[in-house]
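# Remarks on the overall topology
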Amino acid sequence: KQWYQRRVRGSVTVGAGFIAPFVTFAYNGVDKIVGSSQTILSSVKKVGLIALFSPITNTGYITLNGLLQGHSVQRISQKIRLDLVEVLMVGYCVWLPTHFSLFVFVPLQHRLLISNIVGVVWTGYLTYAANRQTGNLQRKHSEQNGNEERKHSE
């Protein structure tokens, strides 16, 4: 239970302290560069520019989440190498159509609500991806557990 609460506090801290300000900065920058028009062309430009920020946002989330959980820099780096491409691909599948739809079809006053709804689901996935053990991390963990079990059985 304590571990779960620590994970939730970490996700909330990273979301409120890094993701929300960074995304706000990115959206404002995109609006200044492209303008506030709701045409298909301007929406494609906005989505493209936002896609450029995804590696920064996702790497930052995984890094800060790992640091708040007390993981080593080496483990966090390994986690990024193993999982970032998958996280980016899933993110592009979720966010590119969402943003395009928001910029073309949704009036400005309703964009935040829809973006937040999708964001809750996305944060759930991102938290899952940031906290699961994959690839070499999973093998290393299994090997360490196997060695400990063998020591105890001898």
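Owing to the predicted nature of the structure, the values given are computational and were not obtained by experimental measurement.

### Details of the layout of surface pockets
Taken as a whole, the largest pocket holds about 990 Å³ of empty space. Breaking the lining of the largest pocket down by element, the ones donating at least two residues are helix 1 (2–34), helix 2 (40–68), helix 3 (73–105) and helix 4 (108–131). For the lining of the largest pocket, the element with the most residues is helix 1, which contributes 14 residues. Each residue belonging to the lining of the largest pocket can be placed in one class, and the counts come to 23 nonpolar, 13 polar and two charged.

### Points about the packing of aromatic side chains
Applying the stated criterion to the full structure yields five aromatic pairs. An angle of 20° between the planes, with centres 5.8 Å apart, marks the rings of Phe 18 and Phe 22 as stacked. Of the two residues, Phe 18 and Phe 22 both sit in helix 1, four residues apart, roughly one turn of that helix. Classification of Phe 22 as buried rests on a relative accessible area of 16%. With 6.4 Å between their ring centres and 50° between their planes, Tyr 125 and Tyr 128 make a pair best called tilted. Of this pair, Tyr 125 and Tyr 128 both sit in helix 4, three residues apart, which is roughly one turn of the helix.

Parameters and conventions
Residues numbered from 1 in each chain as written. Predicted model: local features only at pLDDT ≥ 70, side-chain atom pairs only at ≥ 80, totals over all residues. Heavy atoms only, no water. 1 Å grid on protein atoms, 1.4 Å probe; cavity = no way out; pocket = protein on both sides within 12 Å on 5 of 7 lines; lining within 4 Å. Points joined across faces, edges and corners; volume = space filled by probe spheres on them. Helix = DSSP H or I, 4+ residues; strand = E, 2+ residues; numbered from the N terminus. Nonpolar A, V, L, I, M, F, W, Y, C, P; charged D, E, K, R; others polar. Phe/Tyr/Trp six-rings, centres within 6.5 Å; stacked < 30°, edge-to-face > 60°. Buried < 20%, exposed > 50% of the residue type's maximum accessible area, 1.4 Å probe, protein only.

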